[in-house]
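Single-letter residue listing:
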Amino acid sequence: MTQVLAVLARSPAPGQGKTRLRAALADHDPALVDHIVHAMVEDTLAWAGRGHTLLVAWDGEPNRLRGLAAAALHVRQPAAGFGERIEHALCLGIAARRDAFAVVQIGTDSPTLPGGLLDSAYALLRERADAVLIPAHDGGWVALGVTRSLDGALAEAPVRWSTDHAAGDTLAALRAAGRRVAVPPSWLDIDGPEGLRR
């Protein structure tokens, strides 16, 4: 049975992507911030394909991301809200392989996400849950896994994205849709100087 990992990624470009991180680092050299953003994308894609079928849902210039993950399946993110883009990537991840039992979606905000924590998410999906949400320390989340399409559960929910309510709102939306949700231990994401220091 295949494990699919879907990565939502914006192609690194000067001054673009990671809006909250850029705002938090507004007093720093923009070239340094660009370097940090590029490194987060590069580091995530460097490990993401190991042991998984990798799907990259891209925004921006696709060729840069193809160069970082040549073996991945690359698909364009739709011009839609964040919840719809997440659902789109998850749905394509499920369809990517006939023998896929689950797909886990991550972004590029948690380049140090431990492989063991990701493995535990797949194990929970295999054994007892049909959704898994790995929270971030700041109230957001770093990974969402499912065994089947969400059918609008996130796209139509009032999730307060990019806030400390995102994980709680996502969890509520999944449970309202009748999903059995497992919540493994949290991990950090990088939205500012504190995340970079860790």
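Residues numbered from 1 in each chain as written. Predicted model: local features only at pLDDT ≥ 70, side-chain atom pairs only at ≥ 80, totals over all residues. Heavy atoms only, no water.

S.K.: Please clarify how the overall build of the protein should be interpreted in this entry.
M.R.: A count of helices and strands for the protein gives seven helices and seven strands. For the protein, the sequential pattern of α-helices and β-strands runs β-α-α-β-α-β-α-β-α-β-β-α-β-α. A compact globule built from 198 residues would reach a C-alpha radius of gyration of about 16 Å, and the protein, at 16 Å, matches this within 12%. Dimensions of the protein along its principal axes, counting C-alpha atoms only, are 45 × 35 × 30 Å. (Helix = DSSP H or I, 4+ residues; strand = E, 2+ residues; numbered from the N terminus. Rg over C-alpha atoms; globule rule 2.2 N^0.38 Å.)

S.K.: Which parts of the structure should I look at to understand the packing of aromatic side chains?
M.R.: The description of two aromatic rings rests on the distance between their centres and on the angle between their planes. Considering all chains together, one arrives at three aromatic pairs under this definition. Ring centres of F101 and Y122 lie 6.4 Å apart, and the angle between their planes is 65 degrees; on these two criteria the pair is classed as edge-to-face. Residue F101 is located in strand β4 (residues 100–106), and its partner Y122 is located in helix α5 (residues 115–127); the two are separated by 21 residues in the primary sequence. The pair formed by F101 and Y122 is uniform in burial state, with each residue classed as buried. Arranged with centres 6.3 Å apart and planes meeting at 70 degrees, the rings of W141 and W161 form a pair that is edge-to-face. In this pair, W141 sits in strand β6 (residues 141–146) while W161 sits in the loop between β6 and α6 (166–176), placing the two residues 20 residues apart along the sequence. (Phe/Tyr/Trp six-rings, centres within 6.5 Å; stacked < 30°, edge-to-face > 60°. Buried < 20%, exposed > 50% of the residue type's maximum accessible area, 1.4 Å probe, protein only.)

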